[in-house]
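Structural characterization, general
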Amino acid sequence: MDLTPKQSIPAAESTRFPDEVLERVLTLLKSPKDRNAVSLVCKDWYTADSWSRRHVFIGNCYSVSPEIVARRFPRIRSVTLKGKPRFSDFNLVPDNWGADVHSWLLVFASGSPFLEELRLKRMRVTDGSLEFLALNFPNFRALSLLSCDGFSTSGLATVATHCKNLIELDIQENGIEDLSGEWLSCFPDNFSTLEVLNFSNLITDVNTEVLERLVSRCRSLKVLKLNRSSSLDCLHRLLTSAPQLTELGVGSFSQELTPQQHAELKHAFGFCKNLTVLSGFWDATALNLSAVYPACSGLSFLNLSYTALQSQELASLLPHCPCLRRLWVLDSVGDRGLEAVGANCPSLEEIRVFPTDPFDEDMLHTVTESGIVAVSQGCPKLHYILYFCRQMTNAAVATVVRNCPDFTHFRLCIMNPGQPDHTTNQPMDEAFGAVVKTCKKLKRLSISGLLTDLTFKYIGEYAKNLEALSVAFAGSSDLGMQYVMEGCSKLKKLEIRDCPFGNAALLSGLERYESMRSLWMSACNVTVDGCKALARQMPRLNVEVMKEEGSDDCKADKVYVYRTVAGPRRDAPPSVLTFSSL
Amino acid sequence: DDRLPLPPVDLKTLPLLQWAAGEENDDNCSVVLNNRIEAEEEGDSDGGDGIVGWPPINFRRNKKQRNQMMVVNRPSSCSGECGAAGPTPSMYVKVTMDGVGIGRKVDLALHDSFSSLRRQLFAMFGLPEENPWDGGAGEYQLTYQDPEGDWLLADDISWRSFIGSVQRLRLMRSSSSGSS
């Protein structure tokens, strides 16, 4: 913000906008970072920001309490909350760990029941909470649940029944107890406000007639993501009645169609001129895929990560998507498929290659270093990569970043832990060295393969903009982690598993943790005493240790450290020890 | 006769496995699958070599990719009564046999019982028909990997449950010293 300095105006008469004007101006600032900066200018601006803030993003639900949030932002309308540590996605966090949303709902209901939007990630949400939400917030209109657990389709039913103004219902990758598809039928017959409906990860069938009537009523529907059990016939009818869709998730794509049915489906896709995002496609056959070609000309994001396409199928599809900027696929497409990506997607900015068989130990290589190099050669704008593979070389990674120096997110997972460069048998240190030296804008990095402390030395020395680092089975000594803690001053999130870092490494970050969101260390060499020492010295950190059954009393099996203004949490289960400075 | 009264048994009538896209699927099966997701204990999603939570794939994503609807989409020996022509999506899973370097792939969609699967596997790996393998007594045991990465014996499970959870197969050599 550029403030022109006032000249020769006495302090007492210095510019003082009426609060209402200041608040009005501030509402034009949307970004939380800008808002936070504004609130630090002076008390008046802090107050104006507090009264005018409508959206709050809380990256760690335990960093603050709902009471503090409600007190500071009395007119909040939209809340985004993230709960469990990210490694809970990989089963490393016990089920009863916490992050229950209910206490938040109770506080908001009493203080500011004008809540309209709730977006939760990795939180525990029960059906009771969903019912409470549906009944206590009359203006509620947008619910997004990503990687949450604890609820069932009954909870969705209460939301559908009672939220009269719902515009968004987005249910993704949750541990949901899927009892029936009845919830969809709970939307009232005159309900027509829906703009976003995503039930792609539910298994049970919904009533197709109910769905079709709902879609044709909701003229503002922009995003529709069907689940796997949705048939192609149903899809055909939906497309015909909702050509205004911008994002579409199709259901299973394996049904055998007669030539007529195929032509009709293709024709229906032709109506959808506004599609920018396509996903779904379970069990897609090559023939059926060709039905979507007419809708692909404006496509910017294609998510094929739920169907094991072969290279040729991908190669036939991509030429129809000239504007593609984001692509998610399974490694079944192979290096040949990735060559097709390089050849057909000059505007590509993001690629994610997921493993079809993550637990497969066969030596059959599906994507290798050649694939990633081929993509980098054809897609100079690439800045986001997530790549699961079973072999990699230092040279290939160096080539990739030479071709694409603008990486902001570089996540490489060589699936066999501690695997060296397969041509030279050397550690993969130089690969990640090349990444951090070349990609000055790098914000997120995930490393893998055989790695010594040298990798961390490179990271600490060069990755000055790094905000998130994920490490597994790497490093030789405490020095590794120390390099990172000393060098990466912008680091916000650090996740470490199975590395030889002990108390000295943990304590080397003493001064850093308060400016980070969180630290995770599991299966390292940290002890309970080390954690206690950290907690003693840093009162504004919560230091938590998750104990595993049968482990030594002194071992800190899993450590989770995060800054907080709310003090130690009181809802930790018995297996989680919380240490504080008290 | 002083027999104690039997405890009340909650008998649930399971819906028949229907073959028809769009009809109500076997809720019980999907509930079982999802309850397994719910009750998933720490450490279940480990890879073949036993590393918990590795590779770092969201365990819910991995489950969703495979086989969850395959149970519904199987004709499952309805022998012509299914009426409407329906797709028979293939269901290839990898098969390895202990002692054999190269793995094979078998399409489970072509089978509706363990005995027919056994016949094909024997033919594939060149085992003589008489090789006694039926759940423990023989030289090789059929094991399968479920969505959580655990290896289980394919002997006391129904074909339907097997199809719903099998990710890959392994013909495991039984312990040579005595029967297990």
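Residues numbered from 1 in each chain as written. Chains lettered and ligands numbered in written order. Predicted model: local features only at pLDDT ≥ 70, side-chain atom pairs only at ≥ 80, totals over all residues. Heavy atoms only, no water.

Named according to an unreviewed UniProt entry, chain B is Auxin-responsive protein originating from Linum tenue. Quoted straight from UniProt, the Sequence similarities (unreviewed entry) entry for chain B says "Belongs to the Aux/IAA family." Here chain B is described in UniProt, under the heading Subunit (unreviewed entry), as follows: "Homodimers and heterodimers." (UniProt positions renumbered as here; feature names shortened; annotations may be inferred.)

An unreviewed UniProt entry lists chain A under the name F-box domain-containing protein, with Linum tenue as the source organism. On record in UniProt, under Subcellular location (unreviewed entry), the comment for chain A is "Nucleus".

**Structural notes on the overall build of chain B**
Assigned secondary structure in chain B consists of 5 helices and 5 strands. Out of the 180 residues in chain B, the part that is buried amounts to 47%. Within chain B, contacts between residues at least 6 apart in sequence are counted, and of these 53% link residues at least 24 apart. In the structure as shown, chain B presents an accessible area of about 9,600 Å², 51% of it carried by carbon and sulfur atoms. (Helix = DSSP H or I, 4+ residues; strand = E, 2+ residues; numbered from the N terminus. Buried < 20%, exposed > 50% of the residue type's maximum accessible area, 1.4 Å probe, protein only. Contact = heavy atoms within 4.5 Å. Areas by Shrake-Rupley, 256 points an atom, 1.4 Å probe, with all protein chains shown as cover.)

**Side note on the overall build of chain A**
When you go through chain A residue by residue, the secondary structure sums to 20 helices and 23 strands. Taking 582 residues into account, the globule formula puts the C-alpha radius of gyration at 25 Å, and chain A, at 26 Å, falls close to it. With 582 residues in all, chain A has 58% of them scored as buried. Contacts spanning at least 24 positions in sequence make up 69% of the contacts within chain A whose residues lie at least 6 apart. Split by element, the accessible area of chain A, about 23,100 Å² in all, is 52% carbon and sulfur. Charge separation in chain A, taken as the distance between the mean sites of 61 positive and 65 negative side-chain charges, equals 8 Å. (Rg over C-alpha atoms; globule rule 2.2 N^0.38 Å. Lys, Arg positive; Asp, Glu negative; His and termini not counted. Charge placed at Lys NZ, Arg CZ, Asp CG, Glu CD.)

**So, the side chain of A:Thr408**
All names here are of chain A. Relative to the helices and strands, Thr408 is located in the loop between helix H15 (394-403) and strand E16 (409-414). Among the polar contacts made by the side chain of Thr408, one reaches the side chain of His409 at a distance of 2.7 Å. Thr408 has contacts with His383, Lys441, Leu442, Lys443 and Arg444, leaving out every residue within four places of it along the chain. (Polar contact = N/O pair within 3.5 Å; in protein donor to acceptor, adjacent residues only side chain to side chain.)

**Points about the sheet that holds strand E4 (residues 151-153) of chain B**
Residues and elements named next belong to chain B. The strand order across the open sheet built from 5 strands is E2-E1-E5-E3-E4, with neighbouring strands paired in mixed fashion. If you trace the sheet from one side to the other, it starts and ends with strand E2 (104-107) and E4, each paired once. Strand-to-strand twist in this sheet, taken as the mean axis angle between neighbours without regard to direction, amounts to 35°. (Pairing = 2+ DSSP bridges. Axes fitted to C-alpha atoms, helices over the stretch in contact; angles between N-to-C directions.)

**Examining the nonpolar core**
Inside soluble globular proteins, nonpolar side chains tend to come together where they are buried. A:Trp183, A:Leu197, A:Val341, A:Phe410, A:Leu445 and A:Ile459 are the most contacted members of the largest nonpolar core, which totals 181 residues. Residue assignment places this core across two domains, with domain 2 (391-526) and domain 3 (541-582) of chain A each supplying three or more. Apart from the residues lying within four places of it in its own chain, the contact partners of A:Leu197 are A:Leu169, A:Trp183, A:Leu184, A:Leu211, A:Leu214, A:Leu221, A:Val223, A:Leu224 and A:Lys225. Within the second largest apolar cluster, 25 residues are counted, among which are B:Met97, B:Leu117, B:Ala154 and B:Leu171. (Core = buried A, V, L, I, M, F, W, Y, C linked by side-chain atoms within 4.5 Å. Domains from an automatic or database assignment.)

**Things to note about a positive patch on the surface**
Residue and element names in this part refer to chain A. On the surface, a cluster of positive charge is contributed by Lys33, Lys443, Lys490, Lys492 and Arg563. In this structure, Lys490 sits in the loop between helix H18 (478-487) and strand E19 (493-497). With relative accessibility at 40%, the residue Lys490 sits in the partly exposed group. (Patch = residues over 30% accessible without salt bridge, like charges linked within 9 Å, V, L, I, M, F, W, Y side chains within 5 Å. Salt bridge = Lys/Arg side-chain N within 4 Å of Asp/Glu carboxyl O.)

**Observations concerning the environment of A:Val101**
Residues and elements named next belong to chain A. Along the chain, the position of Val101 falls in the loop between strand E2 (78-82) and helix H5 (102-111). Taking the relative accessible area as the measure of exposure, Val101 reaches 1% and is therefore buried. With 29 residues separating them along the chain, Val101 and Leu130 place their C-alpha atoms 9.7 Å apart. When near neighbours in sequence (up to four residues on either side) are disregarded, Val101 contacts Leu81, Leu120, Met123, Arg124, Val125 and Ser129.

**Topic: H15(A)**
Turning to H15(A), its buried residues number three or more, namely A:Asn394, A:Ala396, A:Val397, A:Thr399, A:Val400 and A:Val401. Lining the buried residues of H15(A) we find helix H14 (369-378), E16 and helix H16 (429-438) of chain A.

**Remarks on the environment of A:Val471**
Residues and elements named next belong to chain A. For Val471, the position within the fold is in strand E18 (residues 468-472). Spatially, the C-alpha atoms of Val471 and Leu445 are 8.7 Å apart, while their sequence positions differ by 26 residues. With near-sequence residues (within four places) excluded, Val471 lies in contact with Ile447, Phe456, Glu495, Ile496, Arg497 and Cys499.

**Some remarks on the pairing of strand E3 (residues 140-145) of chain B**
Residues and elements named next belong to chain B. Counting buried residues along E3, 6 of its 6 residues qualify, which places the element largely inside the surrounding structure. Alternating residues of E3 divide into Tyr140, Leu142 and Tyr144 and Gln141, Thr143 and Gln145, and every residue in both groups is buried. Across 6 bridges, E3 lies against strand E5 (residues 168-173) in antiparallel orientation. Across the sheet, the residue bridging to Tyr144 is Leu169, located in E5.

**Notes on the packing of aromatic side chains**
Residues and elements named next belong to chain A. Taken as a whole, this structure holds 22 aromatic pairs over all chains when the rule is applied. Arranged with centres 5.2 Å apart and planes meeting at 65°, the rings of Phe301 and Trp328 form a pair that is edge-to-face. One end of the pair, Phe301, is in strand E12 (residues 301-303); the other, Trp328, is in strand E13 (residues 326-330), with 27 residues separating them in the sequence. Ring centres of Tyr560 and Tyr562 lie 5.2 Å apart, and the angle between their planes is 45°; on these two criteria the pair is classed as tilted. The pair Tyr560 / Tyr562 is uniform in exposure class, with both members buried. Taken together through their ring pairs, the aromatic side chains of Tyr62, Phe87, Phe90, Trp97, Trp520, Tyr560 and Tyr562 make up a single cluster. Of note, Arg569 hangs over the ring of Trp97, and the distance from its end group to the ring centre comes to 4.3 Å. (Phe/Tyr/Trp six-rings, centres within 6.5 Å; stacked < 30°, edge-to-face > 60°. Lys NZ or Arg CZ within 6 Å of the ring centre and 35° of its normal.)

**Focus on unusual backbone geometry**
A cis geometry characterises the amide bond from B:Trp54 onward to B:Pro55, with omega recorded as -5°. One non-glycine residue, A:Asn91, lies in positive phi territory at about 70°. Checked against the element boundaries, A:Asn91 lands in the loop between E2 and H5. One non-glycine residue with positive phi stands out, namely A:Asp283, at about 50°. Turning to its location among the elements, A:Asp283 is positioned in the loop between strand E11 (277-279) and helix H11 (286-289).

**A look at the packing of helix H8 (residues 208-217) of chain A against helix H9 (residues 232-241) of chain A**
Residues and elements named next belong to chain A. It is at 9 Å that the axes of H8 and H9 come closest, and there the two elements cross at 15°. Judged by the angle between their axes, H8 and H9 are roughly parallel. Viewed along their axes, H8 and H9 form a crossing whose handedness is right-handed. Contact residues: Thr208, Leu211, Glu212, Val215 and Ser216 in H8; Cys234, Arg237, Leu238 and Ser241 in H9. Looking at the contact of H8 with H9, its residues break down into 4 nonpolar, 3 polar and 2 charged. (Parallel < 35°, antiparallel > 145°, perpendicular 65-115°, else oblique. Left-handed = near helix turned anticlockwise from the far one by under 90°. Nonpolar A, V, L, I, M, F, W, Y, C, P; charged D, E, K, R; others polar.)

**Examining the packing of H5(A) against helix H6 (residues 127-136) of chain A**
Residues and elements named next belong to chain A. Where H5 meets H6, the axes come as close as 10 Å, and the angle between the chain directions of the two elements is 15°. When the axes of H5 and H6 are compared, the pair comes out roughly parallel. The crossing of H5 and H6 is left-handed. In this structure, H5 contributes His102, Leu105, Leu106 and Ala109 to the contact, and H6 contributes Gly128, Ser129, Phe132, Leu133 and Asn136. Among the residues forming the contact of H5 with H6, the class breakdown is 5 nonpolar, 4 polar and no charged.

**Looking at the confidence of the model for chain B**
Residue and element names in this part refer to chain B. When pLDDT is averaged across chain B, the result is 60; 46% of the residues are at 70 or more. The spread of mean pLDDT over the elements of chain B runs between helix H1 (residues 27-38), the lowest at 30, and E4, the highest at 87. The low-confidence segment residues 15-49, where pLDDT is below 50, has 97 contacts with residues more than four positions distant or belonging to other chains. Contacts for the low-pLDDT stretch residues 176-180, under 50 throughout, to residues beyond four places or in other chains number 2 contacts. For this predicted complex, the interface score ipTM comes out at 0.86, while the overall pTM is 0.79. (pLDDT = per-residue confidence, 0-100.)

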